Every structure is written in structure tokens, then in C-alpha cells.
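Analysis of the macromolecular model
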Amino acid sequence: METEISATSTPNDEFVNLIQRSRGGDHQALSKVVELLEPDIQLLSRTMRMERSDAAQTLRMQLIELILDK
């Protein structure tokens, strides 16, 4: 199921909405946030001093922890 952005909302509004839904326990919204940030995760993982896949996974985990306030 894809999240549709309404004509009246901005991309920032939709992103904030996804974060709020994620914090409320919506696993699909959390997956969408990670999916949206995946290009940035891939870029950042190239600069870390560890295997790229491990770096990307570490960044994903940190992102999820940040979103869920853990």
C-alpha cells in the first residue's frame, strides 16, 4: 500500500505525518520513512569506516531508534 500525498499537503507535512504515525505504532509508516531516506543512508554509509552494508544497517537502526525515541 502506497501513501498518497494530497494536493493540499506539502512533502514536509506528509513526512511529519509519517513520523507521527510511526511513533503511534504504524509499522508501514515507519517502513515508508526508512524507504524515503534510503538514498541518504546509502550515501552516508560510504563514508563510514566499516563494511557498507553494516554501516547502512547501523544508520537504519539509529534512525528507527530516533523516530521511536528509544
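In what follows, the structure referred to is the one given above.
Some points on the overall build of the protein chain
Scanning the protein chain for helices and strands turns up three helices and zero strands. Taken from N to C terminus, the helices and strands of the protein chain fall in the order α-α-α. The proportion of buried residues among the 70 residues of the protein chain is 21%. Nonlocal contacts in the protein chain, meaning residues at least 24 apart in sequence, comprise 33% of its contacts between residues at least 6 apart. A total accessible area of about 5,400 Å² is found for the protein chain, and carbon and sulfur atoms account for 53% of it.

Digging into the pattern of salt bridges
In the structure shown here, the tally under the stated rule is four salt bridges. The shortest N-O distance in the salt bridge between Asp26 and Arg21 comes to 3.1 Å. Glu38 is paired through a salt bridge with Arg60; the nearest N and O atoms lie 2.8 Å apart. One end of the pair, Glu38, is in helix H2 (residues 27–45); the other, Arg60, is in helix H3 (residues 52–67), and 22 residues separate them in sequence.

Some details on the side chain of Ser22
With respect to the helices and strands, the residue Ser22 is situated in helix H1 (residues 11–23). Using a relative accessible area of 3% as the deciding quantity, one classes Ser22 as buried. In terms of polar contacts, Ser22 uses its side chain to reach the backbone amide nitrogen of Leu30, at 3.1 Å.

Some words on the nonpolar core
Nonpolar side chains in soluble globular proteins tend to be buried together. With 10 residues, the main nonpolar core is built from Leu18, Ile19, Ala29, Leu30, Val33, Val34, Ile41, Ala56, Leu63 and Ile67. Only H1, H2 and H3 provide two or more residues apiece to this core. In terms of residue count, H2 provides more of this core than any other element does, five residues in total. Excluding residues within four positions of it along the chain, Ala29 makes contact with Leu18, Arg21 and Ser22.

Considering the packing of H2 against H3
Two elements in contact, H2 and H3, have axes whose closest approach is 9 Å; the angle formed by their N-to-C orientations is 140°. Here H2 lies oblique to H3, going by the angle between them. Classified by chirality, the crossing of H3 by H2 is right-handed. From H2, Leu30, Val33, Val34, Leu37, Glu38, Ile41, Gln42, Leu44 and Ser45 reach across to H3, where they touch Arg52, Ala55, Ala56, Leu59, Arg60, Leu63, Ile64 and Ile67.

How each quantity is defined
Residues numbered from 1 in each chain as written. Predicted model: local features only at pLDDT ≥ 70, side-chain atom pairs only at ≥ 80, totals over all residues. Heavy atoms only, no water. Helix = DSSP H or I, 4+ residues; strand = E, 2+ residues; numbered from the N terminus. Buried < 20%, exposed > 50% of the residue type's maximum accessible area, 1.4 Å probe, protein only. Contact = heavy atoms within 4.5 Å. Areas by Shrake-Rupley, 256 points an atom, 1.4 Å probe, with all protein chains shown as cover. Salt bridge = Lys/Arg side-chain N within 4 Å of Asp/Glu carboxyl O. Polar contact = N/O pair within 3.5 Å; in protein donor to acceptor, adjacent residues only side chain to side chain. Core = buried A, V, L, I, M, F, W, Y, C linked by side-chain atoms within 4.5 Å. Axes fitted to C-alpha atoms, helices over the stretch in contact; angles between N-to-C directions. Parallel < 35°, antiparallel > 145°, perpendicular 65-115°, else oblique. Left-handed = near helix turned anticlockwise from the far one by under 90°.

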